[in-house]
Amino acid sequence: MKTTFSKVEKAFFDKSCLKEPKTKIPFIQVDNIPNLGLLTSLRFLEWVLENPQGVISLPTGKTPEYFIKWTQHILSNWNNPEVEKLCKDNGLNTNKKPDLSHLKFVQIDEFYPINPLQHNSFYYFVQKFYIKGFGLNLKNSLLINSSKIPDVNDEIIEDIFPDFKIDLSLRYRDTNSDIEEKQKQTIFSIDQWCSEYENKIADLGGIGFFLGGIGPDGHIAFNVRGSDHNSTTRILETNFETQATSASDLGGIEISRNRLVITIGLSSITKNPNVVAIIFAAGRAKAKIVKDSLQKRKDIKFPATALYDSIWSRFYLTKGAAYLLDEINNNDKNWNTEETNRALIKLCKNLNKFGSRLTPNDILDNQLTSSIPNISENTSTLFLDQMKKKIQKASDLPMNSTILHTGPHHDDILLGYSPIINHLVRSPKNTNYFAVMTSGFTSVTNKYISNLLSKTLELIKLEKIQMIKYPDFFNKGFKLKRAKDIYHYLDKVASQNTFGQRRGLCHRMVRSLVEIYNLKSVDELIIKINDIIQYFSSCYDGEKNPPDIQKLKGMLREFEEELAWAHYGVDIKNMYHLRLGFYKGDIFTETPNRERDIDPIIKLINQTNPDIITLALDPEGSGPDTHYKVLQSIAEALRILNKEKDISKIKIWGYRNVWYRFDSAEADIMFPVSLNSMAVVRDTFLNCYLSQKDASFPSYELDGPFCDLTQKIWVNQHRTMELILGKDFWYQHKDPHFRATHGLVYLKELTVEQFLKTAQSLEESIEGSIIS
């Protein structure tokens, strides 16, 4: 059946140059995240013009950042000629400005329990960005306010559920104590509230416009994998994938693991037969769940398949998110080398057949590969030769070169390609610089830093931090011998002296405290430590810290990074902490600007004069949005430099890590990783990145430290190349480095010109030419 697109949808679909989608739910593909936000915003405003008193349900969290920015920008500048042209060019009628004040709003979900005044509650988000930000009428809003959900005991929730742990099995089992009986009755009270909330949605006529993201397990709202397609509003437990993605909102997996959620159900979304239900997704990390959601049969394992019967349901996707869809791969292709190799790799996997054994018939019998031009006996030979060249590049690493290694956060470089660094630093002819772009404070939990301060206080009282007794310490001594802190700590690692390691860490904590607060005596130091510990005791989990605490956490992360590269003999003078100002811990990371964020990178590049710049290559923001904005910042710095001098000889090495990875066709360099290298990475991570050992903010792919996920990724990448080249290529290789290989690091090498084409210009984005 032919898809009926709205005018806005048709404008964007025509730009994609794709054939009409045949997936169970039609999809529209756009080039990048800002355009994804523009599409969703214009479609929303188009619907509002047609339904000025309709019922809407909009998402919370980081996903809707550009949807919100575009909507506010368009409404605030409705009479601006540029905005008018933008709207008309994309199918939106501009004769009448959309009026959102008569819309009815339904909140999608919320953590439970949570204080609605907390900035990490979805209730607060809705109030800030939708009620106030969009000018909605609060009286027309159906919200989830945890503090107003009644309980039969009329007690505060902390007294009924200590530590906020709610055992839903009490619904079905006998209670064993008075407190359990209170808890049981309270759960029934919450269930009743949810039932009434569902009835109120029905009384409104159901949801008319629904916009939501999709979780790594496929969850829509908080309807996790396995949710009944007939589900209604309810309180429920979540799975690990959802808990991992919620950890940053709640202050760590330790909290999100035990926090329940209230969510509208899948039938709450689909009950209105005319609902416009839009799921939007960006980045290749979402590609697998997007494919399953659009191509599998209706199944509770894929919550989005509940939308199959809604004729106005849509998926809006970036190119990365649509990457695995059969319709994208079967579309008319530009059969360049990368696309050809990608198709042949997929064929090897589908047939479970070594690349050396692929025949012309295998290639011709497959729907995708059959359209590869000039298929012959040489096709597989050429394919294998090209894949081998990627690996052979590992034997030709640069010598007598200057390499500027950059990372968005601390540990990104280590987790991305540290086995290569191990070889680069061995040559005294190479000069290696390391620069972390942000202070990374959001990955340090309040609990960790508070415990560290308590240990510091204890050591001060035991007179185990002797440097504070030196007469000039509080004037200038605290700035000196930072390298000695590092050497002392690693020395204690070598001797397995955990007390000495803790003492070394506390030494650096004292230096940071004195620097941040301009402390002048031991007494002032002790008072300040006690004040900060008291501050943490009064914080709610996930609360945004003030700038001084952010700086303290960031300086701890900087010490961890210095420890890591000191493992490899890198001088502390070759490590840079840029602390770019856009990184402030807000729900939406600020847009980088020239003076604050771009100029420091320009200065760094001029100062280090690199032959190679490494960077986290995540142009669609598959991982944390900091990666995306750091990429744009580096690209902008290179654009400016490119106008001032010749930088064409600089090579760009793009890497990816636990958030996002290259496929075997797009990687240019494949570096062998031995079991010894894996052990070194794990040892370095666990001994140096101490605030990350407990994996408080894990990837949804692994419940454990990032170093273990990194190893898993490297092993899987090697497994792919074992299939392509055959296992004998590895264990019979003449080079012992290859014979010892059990993992592979992938890099993509680009010229400056190629990189700048990959990274969207800030001027072309929403924050650039339009908003500024």
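Shown above is the structure to which this text applies.
Residues numbered from 1 in each chain as written. Predicted model: local features only at pLDDT ≥ 70, side-chain atom pairs only at ≥ 80, totals over all residues. Heavy atoms only, no water.

## Let's talk about the overall build of the protein chain
Filter applied, for reference: Each helix is a run of DSSP H or I of at least 4 residues and each strand a run of E of at least 2, with the numbering of both proceeding from the N terminus. A radius of gyration in this sense is built from C-alpha atoms; the matching globule rule multiplies 2.2 Å by the number of residues raised to 0.38. Note on classification: 1.4 Å probe, protein chains only; a residue is buried when its accessible area is under 20% of the maximum for its type, exposed when over 50%, partly exposed between these limits.
When its secondary structure is counted, the protein chain shows 29 helices and 17 strands. Relative to the compact-globule value of 28 Å for 772 residues, the protein chain shows a C-alpha radius of gyration of 28 Å, a close match. Its C-alpha atoms give the protein chain principal-axis dimensions of about 75 × 70 × 60 Å. For the protein chain, with 772 residues in total, the buried portion stands at 60%.

## Here's the deal with the pattern of salt bridges
Heads up, the condition is: Salt bridges are defined as contacts in which a side-chain nitrogen from Lys or Arg sits within 4 Å of a carboxyl oxygen from Asp or Glu.
Applying the stated criterion to the full structure yields 45 salt bridges. Arg511 is the salt-bridge partner of Asp485, the closest N and O atoms lying 2.6 Å from each other. Of this pair, Asp485 sits in helix α18 (residues 482-494) while Arg511 sits in helix α19 (residues 498-517), and the two are 26 residues apart along the sequence. Taking the relative accessible area as the measure of exposure, Arg511 reaches 5% and is therefore buried. One salt-bridge network, held together by shared partners, links Arg284, Glu338, Glu339, Arg342, Arg656, Asp663, Glu666, Asp668 and Lys748.

## Topic: the packing of aromatic side chains
To describe a pair of aromatic rings, you give the distance between the ring centres and the angle between the ring planes. What counts, and what does not: Stacked, tilted and edge-to-face are the three classes assigned to paired rings of Phe, Tyr and Trp, where Trp is represented by its six-membered ring and a pair needs centres within 6.5 Å; plane angles under 30 degrees give stacked, over 60 edge-to-face, the rest tilted.
Tallied over the full model, the rule gives 28 aromatic pairs. Centroid distance Trp47 to Phe209: 5.6 Å. Interplanar angle 45°. Geometry classified as tilted. Here Trp47, found in helix α2 (residues 33-50), pairs with Phe209, found in strand β6 (residues 209-212); they are 162 residues apart in sequence, far enough to count as distant. Considered together, Trp47 and Phe209 belong to a single accessibility category, that of buried residues. Between the aromatic rings of Phe129 and Phe588, the centroid separation amounts to 5.0 Å while the plane-to-plane angle is 50°, which identifies the pairing as tilted.

Functional significance is not addressed by these values, which are geometric in nature.
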